[in-house]
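Listed below are the residues making up each chain.
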Amino acid sequence: MSLSINELRILLVEPSDVQRKVIKHHLGQAQLTETRGASTIAEAKTLIREWQPDIVTSAMYFEDGTAHQLIDYIQESNLEDTVHFMLVSSEHRPDQLEQFKQAGIVAILPKPFSSQQLERAIKATVDLIEPESVELNLFDVEDLRVLLVDDSVTSLHALRRVFENMGVEHVVESNNGLAAIDVLNQQSFDLIVTDFNMPEMSGSEFAQHVRQDPSHAHTPILMVTAQANELQVTNIKQSGVDALTDKPFEPATLKKLLINLLDQ
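Each value, and the rule that gives it
- Residues numbered from 1 in each chain as written.
- Predicted model: local features only at pLDDT ≥ 70, side-chain atom pairs only at ≥ 80, totals over all residues.
- Heavy atoms only, no water.
- Salt bridge = Lys/Arg side-chain N within 4 Å of Asp/Glu carboxyl O.
- Helix = DSSP H or I, 4+ residues; strand = E, 2+ residues; numbered from the N terminus.
- Buried < 20%, exposed > 50% of the residue type's maximum accessible area, 1.4 Å probe, protein only.
- Pairing = 2+ DSSP bridges.
- Axes fitted to C-alpha atoms, helices over the stretch in contact; angles between N-to-C directions.
- Contact = heavy atoms within 4.5 Å.
- Right-handed = clockwise from strand over helix to strand, strands pointing away.
- pLDDT = per-residue confidence, 0-100.
- Core = buried A, V, L, I, M, F, W, Y, C linked by side-chain atoms within 4.5 Å.

Notes on the pattern of salt bridges
Step number 1: The tally for this structure, following the rule as stated, stands at 11 salt bridges.
Step number 2: E164 serves as the salt-bridge partner of R160, at 2.9 Å between the closest nitrogen and oxygen. Separated by 4 residues within a single helix, R160 and E164 lie in helix α6 (residues 153–165), roughly one turn from each other.
Step number 3: R211 serves as the salt-bridge partner of D242, at 2.7 Å between the closest nitrogen and oxygen. Of this pair, D242 sits in the loop between α9 (230–238) and β12 (243–246) while R211 sits in helix α8 (residues 203–212); the two residues are 31 residues apart in sequence, bridging distant segments of the chain.
Step number 4: By relative accessible area, which is 22% here, R211 ends up partly exposed.
Step number 5: Taken together, the salt bridges that share partners define one network made up of D150, D195 and K247.

Considerations on the sheet that holds strand β3 (residues 55–58)
Step number 1: Spatially, β2-β1-β3-β6-β7 is the arrangement adopted by the 5 strands of the open sheet, whose pairing is parallel. Each end of this open sheet is capped by a strand with a single partner; those strands are β2 (35–38) and β7 (107–110). Adjacent strand axes in the sheet meet at a mean angle of 20° when their direction is disregarded.
Step number 2: With 4 bridges joining them, strand β1 (residues 10–13) and β3 adopt parallel strand pairing. The residue bridging L11 from the neighbouring strand is V56, located in β3.
Step number 3: Most of the contacts of helix α3 (residues 67–76) go to strand β6 (residues 84–89), to which it runs at about 175°, and overall it touches β1, β3 and β6.

Thoughts on the pairing of β1
The side chains of a regular strand alternate, residue by residue, between the two faces of the sheet.
Step number 1: Residues I10 and L12 of β1 are buried on one face, and the alternating residues L11 and V13, pointing to the opposite face, are buried as well.
Step number 2: Note: β1 against β2, 4 bridges, orientation parallel. Counterpart to L11 in the pairing with β2 is R36.
Step number 3: For the segment spanning β1, helix α1 (residues 17–29) and β2, crossover handedness is right-handed.

Brief notes about the confidence of the model for the protein chain
Step number 1: Mean pLDDT for the protein chain: 87, with 94% of residues reaching 70 or above.
Step number 2: No element of the protein chain has a lower mean pLDDT than α9, which averages 58, and none a higher one than helix α2 (residues 41–51), which averages 97.

Focus on the nonpolar core
Step number 1: One finds L8, I10, M86, I122, L148, F163 and V193 to be the most contacted residues of the largest nonpolar core, which totals 45 residues.
Step number 2: For I122, the residues in contact, after removing those within four places along its chain, are I5, L8, I10, L32, I55 and M86.
Step number 3: Counting residues in hydrophobic clusters, the runner-up holds 25 residues, among them L11, A59, A67 and F100.

This is the structure we're talking about:
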């Protein structure tokens, strides 16, 4: 049965009573009424454990900690596949947002955010929860072989879930470029999805290695990056990457890129 948006359970974690009311009002306008609120990290952890919301929308800073602790708690409780995290913050510094982007969260909403931005983020979450097969002209999607390369376990889980929801049955994960090269030495793939910032070997270095290997030189490569300046984007393109998308990624965007890369 398809999940209705108004059935989503949303936990609002925000130290300001005023801001919680504002966000709740926006959610109500989008027909999202199953909401509960928390003003501290401790309260939020209790509600996550006992209520298990579909989405946690959280500010960044609290008297008893930061939103990073909530993400860690969700992961430690093995709830990352069912409890999706959305950051709502006025923070714009890239270095402060980098860790959140790498953690596989569904969206970062600025304060103040528009109703359109909220609806887009909610839609991305529904796409993560609900399977929706993709039809390709040149491939049977269930036969596709996809290699995911990312040093973030949460990002790997999110990517895997998107591809499995699309009907892809053969997905292999690797947590860095060097390990992925070992995987490629043993089997071939129809698509490679790699992170940009990784230890041991960057995504660009990994892509260059793939392009220099005759066995995989023509395998489409999609790079997912949390942060890349203009020079880095140029270097990424020169490394042989076929497409580039941001973190947090939207399932709908990945679906379109999949179709563009494989149905040419």
